[in-house]
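# Understanding the architecture of this molecule
Single-letter residue listing:
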Amino acid sequence: HDPLALGIPEHAITFALLSMKDAAVLPSGDVLAPTGKELLQVAVAGMIPFVGFGVTDNALMIICGEAIEEFLGQRLGMSTMAAAAWGNLLSDVAGVFLGGTVQQVALRVGAVEPVLTHAQKALPQTVQWKLVGEAMGV
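These figures come from a predicted structure and were not determined experimentally.

The next subject is the overall build of the chain. Tallying secondary structure elements over the chain gives five helices and zero strands in all. Listing the helices and strands of the chain from first to last along the sequence gives α-α-α-α-α. When burial is assessed residue by residue, the chain has 22% of its 138 residues classed as buried. Taking the intrachain contacts of the chain between residues at least 6 apart in sequence as the baseline, contacts between residues at least 24 apart amount to 75%. Within the structure as shown, the chain displays about 9300 Å² of accessible surface, and the carbon and sulfur contribution to it stands at 69%.

Spelled out as C-alpha cells, the structure:
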C-alpha cells in the first residue's frame, strides 16, 4: 500500500524512515556506512542538478556574451574578453534565479538522495561520493 495514498503526510513518512535509520548507529557509537547502492544514489542525485545548471549557465553565458559584443562591443570599444566577462556575470545572476527551477526538474527526473541519517551524510565517503557526482555533473 502507498502510504501517501492512505493520507499519511509525507513528513510523517520521512520521520518514520529516519527513525528506523537511527539503527545505523552501532552500539559502539560507530556509524553504519551507507551501502554501495546508497552511495551511487548520492552521487547521481548530486550530478543531475549540476548537469542542468552547467547547460543553462554556459548557454546563457554564450548568448549574453555574443549579444553584448555585437551590440555594445564596438560602440563602447569593449574587448571580446570584456564582453565575455559581462556575459558570464549575467549568466551567473540568472543561475541564482533559475537554481530552484533546475532543482525541481532534477527531482522530477530522479535526482533523489537515499534516506540517510545526518551521521551517515557526514561520513567522509558519503561527502566524497556527493562531490564526485557534482563534479561529474559540471
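All right, on to a nonpolar patch on the surface then. Residues W86, L89, V93, V96 and F97 make up a contiguous nonpolar surface patch of roughly 560 Å² in combined accessible area. Considering the arrangement of structural elements, one finds V93 in helix α3 (residues 80–108). Take V93: its relative accessible area is 40%, and that puts it in the partly exposed class.

Helical geometry note: an α-helix holds 3.6 residues per turn, so side chains three or four residues apart project in the same direction. Roughly 55 degrees is the biggest bend found in α3, and it falls at L98. Three or more residues of α3 are buried, namely A83, G87, S91, G95, V102 and A106. The positive-phi residue at the C-terminal boundary of α3 is G110, with phi of around 110 degrees.

Another point: the packing of helix α2 (residues 36–76) against α3. Where α2 contacts α3, the two axes come as close as 7 Å, and the packing angle between them is 145 degrees. When you trace α2 past α3, the crossing you get is right-handed.

The next thing to look at is the side chain of S91. Assignment of secondary structure puts S91 in helix α3. Leave out the neighbours within four places in its chain, and S91 touches D57, L60 and M61.

With 41 residues, α2 extends 56 Å between its outermost C-alpha atoms, agreeing within 8% with the 60 Å of an ideal straight helix rising 1.5 Å per residue. Positive backbone phi, approximately 70 degrees, marks G77, located one or two places after α2.

The next point concerns the pattern of salt bridges. All chains considered together, the criterion is met by one salt bridge. In this structure, the salt-bridge partner of E113 is K130, at a minimum N-O distance of 2.7 Å. Placement of the pair is E113 in the loop between α3 and α4 (118–122) and K130 in helix α5 (residues 124–137), with a sequence separation of 17 residues.

The predicted coordinates of low-pLDDT regions are not to be read in fine detail. Overall, the prediction assigns the chain a mean pLDDT of 84, with 79% of residues at 70 or greater. The least confident element of the chain, judged by mean pLDDT, is helix α1 (residues 10–21) at 62; the most confident is α5 at 95.

Criteria and cut-off values
Residues numbered from 1 in each chain as written. Predicted model: local features only at pLDDT ≥ 70, side-chain atom pairs only at ≥ 80, totals over all residues. Heavy atoms only, no water. Helix = DSSP H or I, 4+ residues; strand = E, 2+ residues; numbered from the N terminus. Buried < 20%, exposed > 50% of the residue type's maximum accessible area, 1.4 Å probe, protein only. Contact = heavy atoms within 4.5 Å. Areas by Shrake-Rupley, 256 points an atom, 1.4 Å probe, with all protein chains shown as cover. Patch = residues over 30% accessible without salt bridge, like charges linked within 9 Å, V, L, I, M, F, W, Y side chains within 5 Å. Salt bridge = Lys/Arg side-chain N within 4 Å of Asp/Glu carboxyl O. Bend = angle between axes of the 7 residues up to and from the residue. Axes fitted to C-alpha atoms, helices over the stretch in contact; angles between N-to-C directions. Left-handed = near helix turned anticlockwise from the far one by under 90°. Expected span 1.5 Å × (residues − 1). pLDDT = per-residue confidence, 0-100.

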